[in-house]
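Chain residues, written in single-letter form:
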Amino acid sequence: MPDRSWDGSSSSSSSSSSSSNSSSSSSSSNSSYYHNSDNNSDGGPASLASALIGLGILAIIFIGVSIANYSKQAEEDRQNAEATATTHSITVSDLAMMHTAIDSKLSRWRELAKTAPTHVNAEAAGFSKSSNTAEVVYGYCDDTKQHFYLYVLNEKPPKSNFFADTEGYAYINDWDPNSCHPAEWQIEDYVRVQEEPGWYFGIMNTGRRNQYSTVYPFLVTPTPFPMPLEF
């Protein structure tokens, strides 16, 4: 929109005072006409141009926000896909390691298992020292011995849950970790392993934190109170 140069003062010069009254009247009339014409233009093409410019700016902002959101979503999708691929790769490797260690012992463990859990250290269960495996725990979660469970627990505790002291894989036929586990455990969360039926990965509170915690003796010697004097 063009700039308006009129600032409310007269547009004629002071040297034009020698002009006739009729000329002054004509000049005043013409000046009034042009000013009124400018004032009436506020609702015309200039306002339409301003509105179009405003709409254009809004459209540019909308397109910019849409592109930013699309880029953010695309980046999140890429990161999720990479995380899923990494988890899949780790799970496949872990399953292969566990099958190598326990498959030959599984039938024997089923025969020996009771409702009370049996603990087997990692080396005796067939895991190497570098496998981050603490132990294997197996048993039955019902007196009829129809539902067998086997947990392969990691050495390192989970970082994602304050209440859980252990994480690891579980193999349970028919049921799930929340329904089938040692009685003294508390299952905090678990997910089904998509790569193979019957397997889960979970975090749980097994009491290991209390088992391995150090109890310090009371080392502060209490200050004796002075005995009252007898008179």
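Each remark here, short or long, concerns the structure printed above.
Everything quoted here is computed from the prediction, not taken from an experiment. (Residues numbered from 1 in each chain as written. Predicted model: local features only at pLDDT ≥ 70, side-chain atom pairs only at ≥ 80, totals over all residues. Heavy atoms only, no water.)

**Observations concerning helix α2 (residues 45-112)**
For step 1, the next point in the chain: Its 68 residues place the ends of α2 93 Å apart at the C-alpha level, agreeing with the 100 Å of an ideal helix rising 1.5 Å per residue.
For step 2, the next point in the chain: The sharpest bend along α2 measures roughly 55° and falls at L106.
For step 3, the next point in the chain: Buried residues of α2: T91, D94, L95, M98, A101, I102, L106 and W109, and no others.
For step 4, the next point in the chain: The inward-facing, buried residues of α2 contact α3 (122-125), β2 (133-140), β3 (148-154), β4 (166-172) and β6 (199-205). (Helix = DSSP H or I, 4+ residues; strand = E, 2+ residues; numbered from the N terminus. Expected span 1.5 Å × (residues − 1). Bend = angle between axes of the 7 residues up to and from the residue. Buried < 20%, exposed > 50% of the residue type's maximum accessible area, 1.4 Å probe, protein only. Contact = heavy atoms within 4.5 Å.)

**Let's talk about the side chain of E167**
For step 1, the next point in the chain: Note that E167 resides in strand β4.
For step 2, the next point in the chain: Here E167 occupies a buried position and makes no salt bridge, while the nearest side chain of opposite charge, K156, is found at 8.6 Å.
For step 3, the next point in the chain: Discounting chain neighbours no more than four positions away, the residues touching E167 are V152, L153, N154, K156, P158, F201, G202, I203 and M204. (Lys, Arg positive; Asp, Glu negative; His and termini not counted. Salt bridge = Lys/Arg side-chain N within 4 Å of Asp/Glu carboxyl O.)

**Some words on the side chain of T166**
For step 1, the next point in the chain: Tracing the sequence through the fold places T166 in strand β4.
For step 2, the next point in the chain: At a separation of 2.8 Å, a polar atom in the side chain of T166 contacts the side chain of D165.
For step 3, the next point in the chain: In terms of polar contacts, T166 uses its side chain to reach the side chain of T206, at 3.1 Å.
For step 4, the next point in the chain: If sequence neighbours within four positions are ignored, T166 has contacts with L153, N154, P158, G202, I203, M204, T206 and R208. (Polar contact = N/O pair within 3.5 Å; in protein donor to acceptor, adjacent residues only side chain to side chain.)

**Topic: the packing of aromatic side chains**
For step 1, the next point in the chain: Within this structure, the stated rule accounts for nine aromatic pairs.
For step 2, the next point in the chain: Taken together, a centroid distance of 4.9 Å and an interplanar angle of 75° make the contact between Y169 and F201 edge-to-face. Of this pair, Y169 sits in strand β4 while F201 sits in strand β6, and the two are 32 residues apart along the sequence.
For step 3, the next point in the chain: Taking the relative accessible area as the measure of exposure, F201 reaches 25% and is therefore partly exposed.
For step 4, the next point in the chain: On the numbers, 5.8 Å between centres and 80° between planes, the contact of Y190 with Y200 is edge-to-face. Here Y190, found in strand β5 (residues 186-192), pairs with Y200, found in strand β6; they are 10 residues apart in sequence, far enough to count as distant.
For step 5, the next point in the chain: Under the relative-accessibility criterion, Y200 is labelled buried at 4%.
For step 6, the next point in the chain: Grouped by ring-pair contacts, the aromatic residues W109, Y138, Y140 and F148 constitute a single cluster. (Phe/Tyr/Trp six-rings, centres within 6.5 Å; stacked < 30°, edge-to-face > 60°.)

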